[in-house]
Amino acid sequence: QLTIAFNGPATQNVAKGQNGVVLYRFAMTSQSSQLEVRKMYVAVGSTDGGVVCGSPCADNEYIKNVRVRDAATGQTVQGPTSASGGSVAADRSTTTITFTNSVYLNPGQTRNFEVVADLATSGSGFVDKSFVVTLNTFASNDIRVVDTGEYLATASIVPGSAILGNVMTVKASSLSVGLASTPSSATVVKKRAMVPALGVSFQAGAQSDVLVTAVKVTGQSKFDSGS
């Protein structure tokens, strides 16, 4: 028997232009035999009108370098294949990729895998859109029992249905800048050095890190000479 389990990640925002985004995690366990997983079917599709590529698809890849890697070693075991390398729906909302590299499971072994992709830096139709990865069902000749050469019956693959992942929403990177609470307005003595004059807070959006390389500050003053 082959058992498959979905392991996340949780619903979250991911940044456009980011490479190596983990979209889906799953585990495969062989109960009693060495198994050869000869094919995997991975679908990436939008749930709210987004598209996986522009038109023409091959020249405007939004979901790129889709691959399956071993979570323990980081080694790529399937792919990479971009959106156009799969079967793309007419409305470009979904691509279904057939991976054909053999992956082996020893008796009693559990292997953890991740579906990873690179996201385009630009393009309309996928930013602020939500996507879900689905591990589709296996066919009758996709899993081979190594010792006997026979194919594992689909009834022995649990579950016997497609396994849907969590929603990942593509967002543009963002940075919020605001006035900090300190220092507050104050009166200071002339000729004093290192007077705190401005406090600013920077907050990156949840989808990615932001590197601030320069800050430009301008100001004005009014001098009161007194009596």
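Preceding block: the structure.
Reading guide: rules and limits
- Residues numbered from 1 in each chain as written.
- Predicted model: local features only at pLDDT ≥ 70, side-chain atom pairs only at ≥ 80, totals over all residues.
- Heavy atoms only, no water.
- Helix = DSSP H or I, 4+ residues; strand = E, 2+ residues; numbered from the N terminus.
- Rg over C-alpha atoms; globule rule 2.2 N^0.38 Å.
- Buried < 20%, exposed > 50% of the residue type's maximum accessible area, 1.4 Å probe, protein only.
- Contact = heavy atoms within 4.5 Å.
- Areas by Shrake-Rupley, 256 points an atom, 1.4 Å probe, with all protein chains shown as cover.
- Lys, Arg positive; Asp, Glu negative; His and termini not counted.
- Charge placed at Lys NZ, Arg CZ, Asp CG, Glu CD.
- Patch = residues over 30% accessible without salt bridge, like charges linked within 9 Å, V, L, I, M, F, W, Y side chains within 5 Å.
- Salt bridge = Lys/Arg side-chain N within 4 Å of Asp/Glu carboxyl O.
- Pairing = 2+ DSSP bridges.
- Axes fitted to C-alpha atoms, helices over the stretch in contact; angles between N-to-C directions.

A. Spatial organisation of the overall build of the protein chain. Looking only at helices and strands, the protein chain features zero helices and 18 strands. For a compact globule of 227 residues, the expected C-alpha radius of gyration is about 17 Å, and the protein chain comes in at 26 Å, more than 25% above that figure. With respect to the principal axes defined by its C-alpha atoms, the protein chain has extents near 105 × 40 × 25 Å. By the burial criterion, 35% of the 227 residues in the protein chain qualify as buried. Residue pairs in contact within the protein chain that sit at least 24 positions apart in sequence constitute 76% of those at least 6 positions apart. Total accessible area computed for the protein chain in this model is approximately 12800 Å², and 47% of it derives from carbon and sulfur atoms. Taken as two groups, the 17 positive and 14 negative side-chain charges of the protein chain have centres that lie 15 Å from each other.

B. View of a nonpolar patch on the surface. A cluster of nonpolar side chains, namely Leu175, Val177, Leu179, Leu198, Val200, Phe202, Val210, Val212, Val215 and Val217, defines an oily patch on the protein surface of about 900 Å² accessible area. Secondary-structure elements contributing two or more residues to the nonpolar patch are strand 17 (175–179) and strand 18 (200–204). By residue number, the principal contributor to the nonpolar patch is strand 17, which donates three residues. Here Val210 shows up in the segment after strand 18.

C. The sheet that holds strand 10 (residues 103–105), seen in detail. The sheet built from three strands is open, its strands ordered 10-4-13 with antiparallel pairing. Strands at the two margins of the open sheet, each flanked by one partner only, are strand 10 and strand 13 (143–145). With strand direction ignored, the average angle separating the axes of adjacent strands in the sheet is 25°. Looking at chain direction, strand 4 (residues 35–37) and strand 13 are connected through three bridges and run antiparallel. When the bridges of strand 13 are listed, Glu36 appears paired with Arg144.

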